[in-house]
Amino acid sequence: MAYSEIEMFTNDIDWFVFDIDSKPIHVASAGGVLPNAIKENNIMNEHNIEVISTLPEVYSDNDIIINPRLRDIIGIYLDSNIFEELALRNYISSFLLMAKRGFYSFDKTKIEDSNDTHYHLVAYPKHFDSNLLNDSKIERYKISGRLPIWNFPFNLFDFFEDRNN
Amino acid sequence: MASRKLEDKTTKYSLKLQKTGGPYPAVVVGAEYGRVWKIDRSRACYSNIHRILYKQLMTQGNLYQVINGNPLGCCAEVNASDKLLKRLNHHIELNTIQFSNPRRPRTNQIVPICDNCKITFE
């Protein structure tokens, strides 16, 4: 089964892949277009969402790196009526949780443009442990590329074989 | 411009959804006319959508057709204003509806209004 266009464009869907180094990647869709591999396999993705929601937090706040350029990347979308620190804390919370479970957690950069496929890294563990999720029941969809740990937005779909943008 | 009260209620609703840990709608927004207000999320609009909204949306395309990157009739603004119009039960112009800032519940970011809604409500 596939996600319908309405589901895809009206929900902020969590999706998961592993890169060539087995780095676990979490991505928040923000109602944007999904890669074909995810869009066409909602059963796999919904299964992974369920499994991952029960994973323990294996890292503490001190074990996580937050993108130091986050303020520059998402600043225009933050509520200027709220203290910036609080707005950033609100922004980070779901990505921090994924990083504490061992994921490199990415967010969509231009949230107003559903077809734009640029994403930025929000949070990730300081020390990558490729064995961390071996015993979990996650269904692994592996991409052919090696995902870079960059502090600036990039076209995430460039790292998919079946890029659909 | 929406009232402070509607902005606060929309923010509270967004933060409440954030705390659930997902699944999250892409956007939530509040709509008000006078002292009546409704908040709703992005999703497919109901088939019995208010006739005023339906008529306006039909000038842009078919319901659920992807136009300007978004399926028509699925924005939070459409759903919130549909609820509002049904509650009011008298004719108003769509451009007299006031909206809060649209918010993304996962992050509580403010989401810019899409082109379809600009056409529908401006």
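Reading guide: rules and limits
Residues numbered from 1 in each chain as written. Chains lettered and ligands numbered in written order. Predicted model: local features only at pLDDT ≥ 70, side-chain atom pairs only at ≥ 80, totals over all residues. Heavy atoms only, no water. Helix = DSSP H or I, 4+ residues; strand = E, 2+ residues; numbered from the N terminus. Contact = heavy atoms within 4.5 Å. Buried area = accessible area lost by both parts, 1.4 Å probe. Salt bridge = Lys/Arg side-chain N within 4 Å of Asp/Glu carboxyl O. Axes fitted to C-alpha atoms, helices over the stretch in contact; angles between N-to-C directions. Buried < 20%, exposed > 50% of the residue type's maximum accessible area, 1.4 Å probe, protein only. Pairing = 2+ DSSP bridges. Core = buried A, V, L, I, M, F, W, Y, C linked by side-chain atoms within 4.5 Å.

Participant: With reference to specific residues and values, describe unusual backbone geometry.
Facilitator: Residues and elements named next belong to chain B. Look at the link from Gly-22 to Pro-23: it is a cis peptide, with omega at 0°. Topologically, Pro-23 is positioned in the loop between helix H1 (4-19) and strand E1 (24-25). We note that Tyr-64 has phi near 75°; this positive angle belongs to a residue other than glycine. Structurally, Tyr-64 is set in the loop between helix H2 (51-58) and strand E4 (66-67).

Participant: I'd like a description of the interface of chain B and chain A, backed by residues and values.
Facilitator: Opposite the 25 residues of chain B that make contact, chain A presents 27 residues. For the pair chain B and chain A, the summed buried area comes to about 2,100 Å², and 51% of that belongs to carbon and sulfur atoms. The largest contributions to the chain B side of the interface with chain A come from Arg104(B), Arg106(B) and Gln109(B), which together make up 28% of the buried area. Taken together, the connections running from chain B to chain A amount to five salt bridges. For Arg103(B), the salt bridge is made with Asp79(A), and the minimal N-O distance between the two is 2.4 Å.

Participant: Could you give an account of the packing of H2(B) against helix H3 (residues 76-88) of chain B, naming the residues involved and the relevant values?
Facilitator: When two helices pack together, you describe them by how their axes are tilted relative to each other and by the distance separating the axes. Close contact between H2(B) and H3(B) brings their axes to 9 Å; oriented N to C, the two are set at 145°. Here Ile52(B), Leu53(B) and Leu57(B) of H2(B) come into contact with H3(B), specifically with Val78(B), Ser81(B), Asp82(B) and Leu85(B).

Participant: For the pattern of salt bridges, give the residues involved together with the corresponding values.
Facilitator: Summed over all chains, the structure comprises 15 salt bridges over all chains. For Lys23(A), the salt bridge is made with Asp19(A), and the minimal N-O distance between the two is 2.8 Å. One exposure class covers both Lys23(A) and Asp19(A), and it is buried. We note a salt bridge from Asp82(B) to Lys86(B), for which the minimum N-O separation is 2.9 Å. You can see Asp82(B) and its partner Lys86(B) sitting in helix H3, four residues apart, about one turn around the helix.

Participant: Just give me the short version of the pairing of strand E5 (residues 104-108) of chain A, but keep the residues and values in it.
Facilitator: As a general feature of sheets, a regular strand has side chains that alternate between the two faces. Residue and element names in this part refer to chain A. Across the five residues of E5, five count as buried, placing the element largely inside the fold. Of the two faces of E5, the one carrying Tyr-104, Phe-106 and Lys-108 and the one carrying Ser-105 and Asp-107 are both buried. Here strand E3 (residues 24-28) pairs with E5 via four bridges, running parallel. Of the residues in E5, the one forming a bridge with His-26 is Ser-105.

Participant: Which residues make up the nonpolar core, and what values go with them?
Facilitator: All names here are of chain B. If you look at the biggest cluster of nonpolar residues, it comprises 31 residues, and the most contacted ones within it are Ile-49, Leu-53, Val-78, Leu-85, Leu-94, Ile-97 and Phe-121. Only strand E2 (28-33), H2, H3 and helix H4 (115-121) provide two or more residues apiece to this core. The dominant element in this core, judged by the number of residues it contributes, is H3, at six residues. If we ignore the near neighbours within four places in the chain, the residues touching Val-78 are Cys-45, Ile-49, Leu-53, Leu-57, Gly-73 and Phe-121.

Participant: A description of the side chain of Arg103(B) should follow, citing residues and the corresponding values.
Facilitator: Within the secondary structure, Arg103(B) sits in strand E7 (residues 103-104). According to the relative accessible area criterion, Arg103(B) is buried, its value standing at 1%. Once you skip the residues sitting within four places of it in the chain, Arg103(B) turns out to touch Asp79(A), Thr11(B), Ser14(B), Ala26(B), Val27(B), Val28(B), Asn108(B), Gln109(B), Ile110(B) and Val111(B).

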